[in-house]
Amino acid sequence: MTTTSTDQRHELYRELGLWDGRRLGDLVTVQAAKTPDRELFVFEGRRVTYGQFDTWVRVIASDLVARAVGRGDRIMVQLPNCLEALALQVAAFRIGALGMPVVPIYREYEVRQILADSTPVVIAVAAELGSRRPADEIDALLAETGHTPLIKYVVGQPVDGWRAVPRPGDVDEIELPEPLDADEPAVLLYTSGTTSAPKGALLSSAALIAHLHNFQKALDADEDSVILAATPLSHLGGFIAGVIMPAFLGGRSVIMSSWRPDDAVAEIERERVSIAMGATVFLSDLVNRYEAGQGEKHRLTLYACAGATMPPSLVERAEAVGVRAMRCYGMTETAGVCAAAPSDAPVSRRAHWDGKVLPGMEIEAVDFDKTPLPAGEEGELRIRGPQLLARYTDPDRTREQLDDNGWFYPGDIGVVDAEGWIRMSGRLKDIINRGGEKFSTLDIEAALAAHPDVLAVAVTAVPDERLGEAVGAWLVLRDGTPWGGPQPIIDHLERVRLARQKIPTHWVVVDSLPTTASGKVQKNRLTNVDSAVN
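If you're wondering where the values come from, they're calculated on a predicted model, not measured in any experiment.

(A) The arrangement of a negative patch on the surface in detail. Taken together, the side chains of Asp220, Asp222, Glu223 and Asp224 define an acidic patch exposed on the protein surface. Examined against the element boundaries, Asp220 turns out to sit in the loop between helix H7 (205–219) and strand E10 (226–229).

Below is the structure:
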């Protein structure tokens, strides 16, 4: 696609129908007016229609406005998979506030940074999450930082100082303000993919609607599609699957509170689910069960995997049991998938390539001086198009990854062939992709280095059969420190409240770390270092 000025590119996006002026805050309301009795989703056996959900959203939105929540204010929703997680975010869009979902695995270590960066006026958490009490965690952080939100919502048992999320009949509905314009940021998502601290990416309605247009065509989806949402609803992919994509299509979703493979097979069969999207591990679990004979009456027909490595053999195994699996390329900053396989793509393409560039999007491989490379040559990938983020909350991060010509540099290495197919081959920046959840190694290294017994540390990805990658830690201990196993250091990571998914599962103690002449750790040499492993 040939492009010139920014204005000309934007006009092209409108001509392609990708920027159609629609706003996230209108999707559910418009569909509810058309089909109020049509089912929007089923959640663990509970069925909710468009009309019922829209009424609930209006009630929450009324409570927010009555309590002085205004346009552009940030509404932080850190909840496990539950209907409140969706209703609160859609209510934020409805009144022109920013929806700000935060993954519930984050604990004080990460949330402290997010609160400082975003200063949300509304915070919603669960009263209990396993052995944790998130409301108490947030209260301690708020006392530490001095930030006072307007509203604190809690889901579950009552907690002093926190309000229950209102339901129809709890508060009077009032006139609501208009949603934000399509080109204004509507969603704030925190991703810690390539930096030591979570970085806030701002996405507009226009970017997300463009993604929905493109993804609908790639998935060949329509109002009869049934989408499985089993990934966290606080992730972009889970939120899209749970409510945004169904509302855009006029279809419905089947939402699971957590990933339980046997239950997923049963739900897919019972609800006639046609589409699912998520990390490799979910497809692997489904294929294993289909190969064992489960789900004979109805099986998933399409699985789209983005954000995690998918072995070609898994795509081929899925094909053999009736599932059209495809690797996709995308990220939070592109509002989701920006390269996907067309419906007529053969399994050989779907197994070995990460999708074809979607309409309106541009992806190029460039060399070290940002000069485009010939088709098929490996280089740094850059992306431009209607699905791109507006900016980061950190101006320095924006300047670093977005240039004046509209190109976004995610730090990926790959190739783009003459037909526009993408294959990602590596990453410039050091991250771990654990089952689709991306973690900064710098973040984990900083937490490990704070232990008094640790002199030096390096963290890398290590292969994991089920998750693709896991967290590996190489430690240099201070002189005289015995190594009796990693438990004391794990206890330390628990005390600093690092997300448990970031805690290393592969531990190596070494005398020294291999470095360059300038002192930079050569992580590619770590697997060759003589070590004691526990």
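That was the structure; now back to the text.
(B) Spotlight on the sheet that holds strand E16 (residues 356–357). Strand order in the open sheet made by the nine strands is E2-E1-E11-E10-E12-E13-E14-E15-E16, with mixed pairing throughout. Of all the strands in the sheet, just strand E2 (46–49) and E16 have a single pairing partner and so form its edges. Summarising the sheet, strand E13 (residues 302–306) and strand E14 (residues 324–331) pair through five bridges and their orientation is parallel. Pairing of Cys305 across the sheet is with Arg327, part of E14. Docked against the sheet, helix H4 (residues 83–94) engages strand E1 (39–43), E2 and strand E11 (252–255), running at close to 145° with respect to E1. Along the sheet, helix H10 (residues 280–291) contacts strand E12 (275–278), E13 and E14; its crossing angle with E13, the most-contacted strand, is approximately 150°.

(C) Spatial organisation of the packing of aromatic side chains. One pass over the full model with this rule turns up five aromatic pairs. Ring geometry for Trp259 versus Phe282: centroids 4.4 Å apart, planes at 40°, classification tilted. With Trp259 in the loop between E11 and helix H9 (261–271) and Phe282 in helix H10, this pair connects stretches of sequence that are 23 residues apart. Note on accessibility: Trp259 and Phe282 belong to one class, buried. What links up through ring pairs into an aromatic cluster is the set Phe41, Phe53 and Trp56. The residue whose ring lies beneath Arg349 is Trp353, and the NZ or CZ to ring-centre distance is 5.1 Å.

(D) Up close: the nonpolar core. Counting residues in each nonpolar core, the largest one holds 98 residues, and the members touching the most others are Phe53, Leu64, Leu219 and Val243. At ten residues, the largest contribution of residues to this core is made by helix H8 (residues 236–249). Not counting the four nearest positions on each side in its chain, Val243 is found in contact with Val28, Leu40, Phe41, Phe53, Leu86 and Val90. Within the second largest apolar cluster, 45 residues are counted, among which are Leu98, Ile432, Ala473 and Leu477.

(E) Molecular detail of the packing of H4 against H8. H8 packs onto H4 with a crossing angle of 70° between their chain directions and a minimal axis gap of 11 Å. Compared by their axis directions, H4 and H8 come out roughly perpendicular. Two packed elements cross with a definite hand, and for H4 against H8 that hand is right-handed. Taking contact as the criterion, the partners of Leu86, Gln89, Val90 and Phe93 in H4 are, on H8, Phe239, Gly242, Val243 and Ile244. Residue classes in the contact of H4 with H8 are distributed as six nonpolar, two polar and no charged.

(F) Broad picture of the pairing of strand E15 (residues 336–340). Of all five residues in E15, five are buried; the element is thus mostly enclosed. Here E14 pairs with E15 via three bridges, running antiparallel. Residue pairing across strands places Tyr329 opposite Ala339, the latter belonging to E15. Here E15 pairs with E16 via two bridges, running antiparallel. Across the sheet, residue Ala340 finds its bridge partner in E16, namely Lys356.

(G) Highlighting the sheet that holds strand E20 (residues 412–416). Ordered in space as E17-E18-E20-E21, the four strands form an open sheet in which the pairing is antiparallel. Of all the strands in the sheet, the pair left with one neighbour each is strand E17 (362–366) and strand E21 (422–427). Each strand of the sheet is rotated relative to its neighbour by a mean of 45°, with strand direction disregarded. Pairing of E17 with strand E18 (residues 379–384) involves five bridges; the strand directions are antiparallel. Each residue of the ladder has a partner; that of Ile363, found in E18, is Ile383.

(H) Representation of the pattern of salt bridges in the model. Scanning the model with the defined rule gives 39 salt bridges in all. Glu39 serves as the salt-bridge partner of Arg47, at 3.1 Å between the closest nitrogen and oxygen. With a relative accessible area of 43%, Arg47 lands in the partly exposed category. What makes Glu39 buried here is its relative accessible area of 19%. The shortest N-O distance in the salt bridge between Glu333 and Lys199 comes to 3.8 Å. With a gap of 134 residues between them, Glu333 in the loop between E14 and E15 and Lys199 in strand E9 (residues 199–204) connect regions that are remote in the sequence. What makes Glu333 buried here is its relative accessible area of 6%. Several salt bridges converge on common partners, so that one network encompasses Glu39, Arg47, Arg252 and Glu271.

(I) Focus on the pairing of strand E5 (residues 122–126). Most of E5 sits inside the fold, with five of its five residues counted as buried. Burial of the side chains of E5 extends over both faces: Val122, Ala124 and Ala126 are buried on one face and Ile123 and Val125 on the other. Bridge analysis of strand E3 (residues 74–78) against E5 gives four bridges, and the strand direction is parallel. Looking at the pairing, Gln78 lines up with Val125 of E5. With five bridges connecting them, E5 and strand E6 (residues 151–155) associate as parallel partners. Residue pairing for E6: Ala126 is matched across the bridge by Val155. Regarding topology, helix H6 (residues 134–145) serves as the crossover connection from E5 to the parallel E6, and that connection is right-handed.

(J) Local environment of the state of the cysteines. Summed over the entire model, instances satisfying the criterion amount to zero disulfides. Here Cys338 stays unpaired: no disulfide links it, and the sulfur of Cys328, its closest cysteine neighbor, is 9.6 Å away. For Cys338, a relative accessible area of 0% translates into the label buried.

(K) Highlighting H9. Along H9, the residues classified as buried are Pro261, Ala264, Val265, Glu267, Ile268 and Glu271. Looking straight down H9, one finds its buried side chains confined to an arc of 165°; they lie on one side. Tucked inside the fold, the buried residues of H9 contact E1, E2, E10, E11 and H10. Backbone geometry just downstream of H9 places Arg272 in the positive-phi region, at approximately 55°.

Calculation notes
Residues numbered from 1 in each chain as written. Predicted model: local features only at pLDDT ≥ 70, side-chain atom pairs only at ≥ 80, totals over all residues. Heavy atoms only, no water. Patch = residues over 30% accessible without salt bridge, like charges linked within 9 Å, V, L, I, M, F, W, Y side chains within 5 Å. Areas by Shrake-Rupley, 256 points an atom, 1.4 Å probe, with all protein chains shown as cover. Salt bridge = Lys/Arg side-chain N within 4 Å of Asp/Glu carboxyl O. Lys, Arg positive; Asp, Glu negative; His and termini not counted. Charge placed at Lys NZ, Arg CZ, Asp CG, Glu CD. Helix = DSSP H or I, 4+ residues; strand = E, 2+ residues; numbered from the N terminus. Pairing = 2+ DSSP bridges. Contact = heavy atoms within 4.5 Å. Axes fitted to C-alpha atoms, helices over the stretch in contact; angles between N-to-C directions. Phe/Tyr/Trp six-rings, centres within 6.5 Å; stacked < 30°, edge-to-face > 60°. Buried < 20%, exposed > 50% of the residue type's maximum accessible area, 1.4 Å probe, protein only. Lys NZ or Arg CZ within 6 Å of the ring centre and 35° of its normal. Core = buried A, V, L, I, M, F, W, Y, C linked by side-chain atoms within 4.5 Å. Parallel < 35°, antiparallel > 145°, perpendicular 65-115°, else oblique. Left-handed = near helix turned anticlockwise from the far one by under 90°. Nonpolar A, V, L, I, M, F, W, Y, C, P; charged D, E, K, R; others polar. Right-handed = clockwise from strand over helix to strand, strands pointing away. Disulfide = S-S within 2.5 Å. Arc of directions from axis to C-beta.

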